[in-house]
Amino acid sequence: MIKHIVMWTLKDEAEGGTAAENGIKMKQILENLSGKIKELKHIEVSVDVFAAIPDCNVVLYSEFESKDDLDAYQVNPLHQECVAFIKQVVASRNMIDYVI
């Protein structure tokens, strides 16, 4: 099982929205992937982050059966649609992938 965690800090304003508004949009578009990408076994997204080092606005937790499944998810066109928006509103990104 692969765990994939991403933490984003958002730009104060981008794509016509505030960081808070863009965080909510990110949450919606990422959660919308659930059930649409077969390799994605579980996804959680939060914009209610109260303790993080470094600071962040949005956190994603997801699960995959294998690294190959994670790799397939990364290039999936539905995921890439999310990435296109996220790249426009993100100031920084931290992530970790690990095996359990």
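Relevant structure appears above.
This write-up is about the structure you can find in this document. Since the structure is predicted, the reported quantities are computational estimates derived from the model, not experimental observations.

Moving on to the environment of Asp 55. Considering the arrangement of structural elements, one finds Asp 55 in the loop between strand E4 (42–46) and strand E5 (58–64). Separated by 46 residues in the primary sequence, Asp 55 and Thr 9 have C-alpha atoms spaced 7.0 Å apart.

This part is about the side chain of Asn 22. Within the element layout of this structure, Asn 22 appears in helix H1 (residues 19–31). Aside from chain neighbours lying at most four places away, what touches Asn 22 is Leu 10, Ala 14, Gly 17, Phe 85 and Val 89.

Right, let's get into the environment of Phe 64. Structurally, Phe 64 is set in strand E5. A residue is classified by how much of its surface remains accessible, and Phe 64, at 0% relative accessible area, is buried. Not counting chain neighbours up to four residues away, the residues in contact with Phe 64 comprise Met 1, Ile 2, His 4, Glu 39, Leu 40, Lys 41, Asp 69, Leu 70 and Tyr 73.

Before going further, it helps to spend a moment on the packing of aromatic side chains. Enumeration over the complete set of coordinates arrives at 1 aromatic pair. Ring geometry for Phe 64 and Tyr 73: centres 4.9 Å apart, planes at 50 degrees, overall tilted.

Nonpolar side chains tend to gather and get buried jointly when the protein is soluble and globular. The biggest cluster of nonpolar side chains holds 23 residues, and the ones touching the most others in it are Trp 8, Leu 10, Met 26, Leu 30 and Ile 86. Apart from the residues within four sequence positions on either side, Met 26 is in contact with Trp 8, Leu 10, Val 58, Phe 85, Ile 86, Val 89 and Val 90.

Across its 13 residues, helix H3 (residues 77–89) extends 19 Å between first and last C-alpha, which sits within 8% of the 18 Å expected from 1.5 Å per residue. All of the buried residues along H3 are His 79, Cys 82, Val 83, Phe 85, Ile 86 and Val 89. Those residues of H3 that are buried lie in contact with strand E1 (2–10), strand E2 (13–14), H1, helix H2 (67–75) and strand E6 (90–99). Capping the start of H3 is the job of one residue whose side-chain oxygen sits 2.8 Å from the backbone nitrogen of Leu 78: Asn 76.

Let's shift gears to the sheet that holds E1. Pairing in this open sheet of 4 strands is antiparallel, and the strands run E4-E5-E1-E6 from one edge to the other. Only two strands of the sheet have a single neighbouring strand rather than two, namely E4 and E6. Neighbour to neighbour, the strand axes of the sheet diverge by 10 degrees on average, direction disregarded. Sheet contacts for H2: E1, E5 and E6; angle to E1, the most-contacted strand, approximately 35 degrees. Those strands touched by H3 are E1 and E6, and its axis lies near 130 degrees from that of E6.

The rules behind these values
Residues numbered from 1 in each chain as written. Predicted model: local features only at pLDDT ≥ 70, side-chain atom pairs only at ≥ 80, totals over all residues. Heavy atoms only, no water. Helix = DSSP H or I, 4+ residues; strand = E, 2+ residues; numbered from the N terminus. Contact = heavy atoms within 4.5 Å. Buried < 20%, exposed > 50% of the residue type's maximum accessible area, 1.4 Å probe, protein only. Phe/Tyr/Trp six-rings, centres within 6.5 Å; stacked < 30°, edge-to-face > 60°. Core = buried A, V, L, I, M, F, W, Y, C linked by side-chain atoms within 4.5 Å. Expected span 1.5 Å × (residues − 1). Polar contact = N/O pair within 3.5 Å; in protein donor to acceptor, adjacent residues only side chain to side chain. Pairing = 2+ DSSP bridges. Axes fitted to C-alpha atoms, helices over the stretch in contact; angles between N-to-C directions.

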